Amino acid sequence: MVDSRACCGCGACVAACPAGCIEMQYGRRFNWPRVDESRCTKCGCCVQVCPSAFLLGGTAPDFDDDLRRADYPCHLVHSPDDAVRLDAASGGGITGLILHLMETGQADGAVVARCTGANPLAAEAFLATDRTGLLEARGSKYTPVSSGTVLREVLDRPGRYVFVGTPCMVEGLSRLEGLRPVLAERIILKVSMVCSGMSSRESTRRYIADAGVDPQAARRICYRGDGWPGRFRVYGDDERLLLDRPYLEDAVVHVVSRDHYLRCWNCVDHWGRLADVVACDPWTRDVVEHERKGWSALMSRTERGHEAVTSAIEHGALVTRPITMEDMLGYNRPLVLGPDHPRHAWMAAYQLIFRRRWKYLWPVMRNLFRGRPAGLRTTLKARLQTVYYY
């Protein structure tokens, strides 16, 4: 999986390994699992939980057709507490929801991530069990996160927890539940962010350095927050502000949309099809021009997701405004994929270049003839790099 550049860095394999011989490595660019071959029993559990296994098998995953057929309950929400709302990515909807579940005894904590400490570029996934820990995790992390690694702690620690991650992390969790049924009892809610791809931490490092700040001096990185749509801020020792720039000015271009995992370019699940609740920003011209505190757009894809969101609204933990399913999808319309999407061309390039499956030669050539290279350059570059993850 690692040698084939198929890894998405979710970390589910770490929790799945019964021999405990897999550990995540946090490279300069991406996260990836390293296996202690001397202890590996070749049981195959790591492959069973891997959300990227379809690439090695040569089978294209199903597109999320439910997005086109279903009518999921959707809401615009924000936390009524400005201390939560303003430093979140968009309204504090997820933080407010989890705080409600913890304060009402429905959850004992949440698997989340923070960018703090001696190396904030290596986002730390952890189990937050109180308000202080949860508030440390506010805001987006546009850098590799391996939240699946924390599931090893969840397996060893009885309780009821919320899991927050990207669609591939949620898929890794869902696969792991098949191997470890107790996990399905302990994870009471799966929350996924709408995701267009996981950016490398090298993108953040270069952005900070190009701004004249030494990345090694960073002790806390806030990709969003301080209102909406937010500001990119870097803090040093003693919380000294080292860098402060509007998120939409250039951070969204130089950090968010650059240098993703190759696996991200072969992804067809941007909307967390296995999650209970899906969250995103309400990206519309009107909101961008007039909103300054932020709203979170939430879509409940399961009954338990709907119950959790409804409970938070009824108890006043979330302020709400109703929206339609069409409104929700409209906030990230380019990520609503169908069978005719170029993602199939990306997968064909991967199968040809990495797996040497020659039946994909014609689809790749056909796209080239049509002037649509569709991932050929990026896939070739990844194949030729001797050091991909750094």
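So, here is what we can say about the structure in this document. Please read these numbers as outputs of a predicted model, since none were measured by experiment.

**A closer look at the pairing of strand E10 (residues 241–246)**
Point 1. Relative to E10, strand E9 (residues 231–235) runs antiparallel, the two sharing 5 bridges. Across the sheet, the residue bridging to Phe232 is Arg245, located in E10.
Point 2. In this structure, the hairpin formed by E9 and E10 is closed by a connection of 5 residues, where Asp238 is found at a positive phi of approximately 60°.

**Side note on the sheet that holds strand E12 (residues 296–300)**
Point 1. Taken in spatial order, the 8 strands make up an open sheet running E5-E4-E6-E7-E11-E12-E3-E13, and their pairing is mixed. Edge positions in the sheet fall to strand E5 (124–128) and strand E13 (319–323), since each of these pairs with one other strand and no more. Each neighbouring strand pair of the sheet contributes to a mean axis angle of 25°, computed without reference to strand direction.
Point 2. Where strand E4 (residues 109–114) lies against strand E6 (residues 161–165), 3 bridges are found, and the strand directions are parallel. Within E6, the residue paired with Ala110 across the bridge is Val162.
Point 3. Taken strand by strand, helix H9 (residues 167–179) contacts E6 and strand E7 (187–193), and its axis lies near 155° from that of E7.

**Some points on the side chain of Asn332**
Point 1. Structurally, the position occupied by Asn332 is in the loop between helix H16 (325–330) and helix H17 (343–355).
Point 2. Each residue touching Asn332, except ones within four places of it in the same chain, is listed here: Val194, Trp271, Cys280, Asp281 and Trp283.

**With respect to the nonpolar core**
Point 1. Ranked by size, the top nonpolar core spans 88 residues in total, and within it Leu151, Phe232, Trp271, Met299 and Met328 carry the most contacts.
Point 2. No other element matches the 7 residues that H17 contributes to this core.
Point 3. When near neighbours in sequence (up to four residues on either side) are disregarded, Met328 contacts Cys74, Trp271, Val278, Cys280, Ala297, Leu298, Met299 and Ile323.
Point 4. Listed in part, the 28 residues of the second largest apolar core include Leu99, Met102, Phe126 and Leu134.

**Overview of unusual backbone geometry**
Point 1. Cis peptide bonds are those with omega within 30 degrees of zero, and the linkage from Trp228 to Pro229 qualifies with 5°.
Point 2. Here Pro229 is to be found in the loop between strand E8 (220–222) and E9.
Point 3. Positive phi values are uncommon outside glycine, yet Asp238 reaches one of about 60°.
Point 4. Looking at the element boundaries, Asp238 is found in the loop between E9 and E10.
Point 5. Residue classification places Asp238 among the exposed positions, given a relative accessible area of 80%.
Point 6. Positive phi outside glycine occurs at Arg356, with the angle close to 55°.

**Topic: the pattern of salt bridges**
Point 1. Scanning all chains against the criterion turns up 23 salt bridges.
Point 2. The salt bridge involving Arg39 is made with Asp36; its shortest N-O contact spans 3.8 Å.
Point 3. Of the residues examined, Asp36 reaches a relative accessible area of 30% and is grouped as partly exposed.
Point 4. With its nearest N and O atoms 2.9 Å apart, the salt bridge here joins Arg114 to Glu124.

Definitions and cut-offs
- Residues numbered from 1 in each chain as written.
- Predicted model: local features only at pLDDT ≥ 70, side-chain atom pairs only at ≥ 80, totals over all residues.
- Heavy atoms only, no water.
- Pairing = 2+ DSSP bridges.
- Helix = DSSP H or I, 4+ residues; strand = E, 2+ residues; numbered from the N terminus.
- Axes fitted to C-alpha atoms, helices over the stretch in contact; angles between N-to-C directions.
- Contact = heavy atoms within 4.5 Å.
- Core = buried A, V, L, I, M, F, W, Y, C linked by side-chain atoms within 4.5 Å.
- Buried < 20%, exposed > 50% of the residue type's maximum accessible area, 1.4 Å probe, protein only.
- Salt bridge = Lys/Arg side-chain N within 4 Å of Asp/Glu carboxyl O.

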